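Observations on the model geometry
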Amino acid sequence: RFEPLGLVPLEAGACEIPTLAVNSGGYKETVVNGETGALVKRNPIAIAEMIENMLKNEDDLKTMGENARKNVLKNWDWKDKTDYFESILTKLSVN
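To keep things clear, this report deals only with the structure shown in the data block. Everything numeric in this text was worked out from a predicted model, so none of it was measured.

Conventions used here
- Residues numbered from 1 in each chain as written.
- Predicted model: local features only at pLDDT ≥ 70, side-chain atom pairs only at ≥ 80, totals over all residues.
- Heavy atoms only, no water.
- Salt bridge = Lys/Arg side-chain N within 4 Å of Asp/Glu carboxyl O.
- Helix = DSSP H or I, 4+ residues; strand = E, 2+ residues; numbered from the N terminus.
- Buried < 20%, exposed > 50% of the residue type's maximum accessible area, 1.4 Å probe, protein only.
- Axes fitted to C-alpha atoms, helices over the stretch in contact; angles between N-to-C directions.
- Parallel < 35°, antiparallel > 145°, perpendicular 65-115°, else oblique.
- Contact = heavy atoms within 4.5 Å.
- Nonpolar A, V, L, I, M, F, W, Y, C, P; charged D, E, K, R; others polar.
- Phe/Tyr/Trp six-rings, centres within 6.5 Å; stacked < 30°, edge-to-face > 60°.
- Lys NZ or Arg CZ within 6 Å of the ring centre and 35° of its normal.

**Some details on the pattern of salt bridges**
Counted according to the given criterion, the structure contains three salt bridges. With a shortest N-O distance of 2.8 Å, K62 and E66 are connected by a salt bridge. Residue K62 and its partner E66 are both found in helix α4 (residues 58-75); the two are separated by four residues, about one turn of the helix. In this structure E66 comes out as partly exposed when scored by relative accessible area, which is 28%.

And the structure:
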């Protein structure tokens with residue numbers, strides 16, 4: 001429920017699959033609402049309506065998938081993230 005990082009949307013996005021996720025936790029960080037997928041409130045009716053809407057709009061779904069892959073490649077490179085994390089750890093160990 002409180003996923004600290006929305007890793008599953010990143011994995012899906014790398015495969016050009018848009019994500020439908022609840023608007024909470026790490027999903028807000030990794031899903032760009034309306035561009036790489038959709039974020040909805042934690043409500044079964046809202047989720048069902050969004051699934052129906054997404055499936056009815058294949059062109060939009062395809063575009064979101066393409067955007068999701070571009071987003072992952074641009075913003076979620078493991079090398080960049082591990083280098084950043086290592087720099088933080090280095091700064092902390094010096095202090």
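**Here we look at the packing of helix α3 (residues 44-56) against α4**
Relative to each other, α3 and α4 sit at 95°, their axes nearing to 5 Å. Taken together, the axis directions place α3 and α4 in an arrangement best described as roughly perpendicular. When α3 is examined against α4, the residues M54, L55 and K56 are found in contact with a partner set consisting of E58, L61 and M64. Of the residues contributing to the contact of α3 with α4, the split by class is four nonpolar, no polar and two charged.

**A word on the packing of aromatic side chains**
How two aromatic rings sit relative to each other is set out by the distance from centre to centre and by the angle between their planes. Tallied over the full model, the rule gives zero aromatic pairs. In this structure, K81 is placed above the aromatic ring of W76, and the distance from its NZ or CZ to the ring centre is 4.9 Å.

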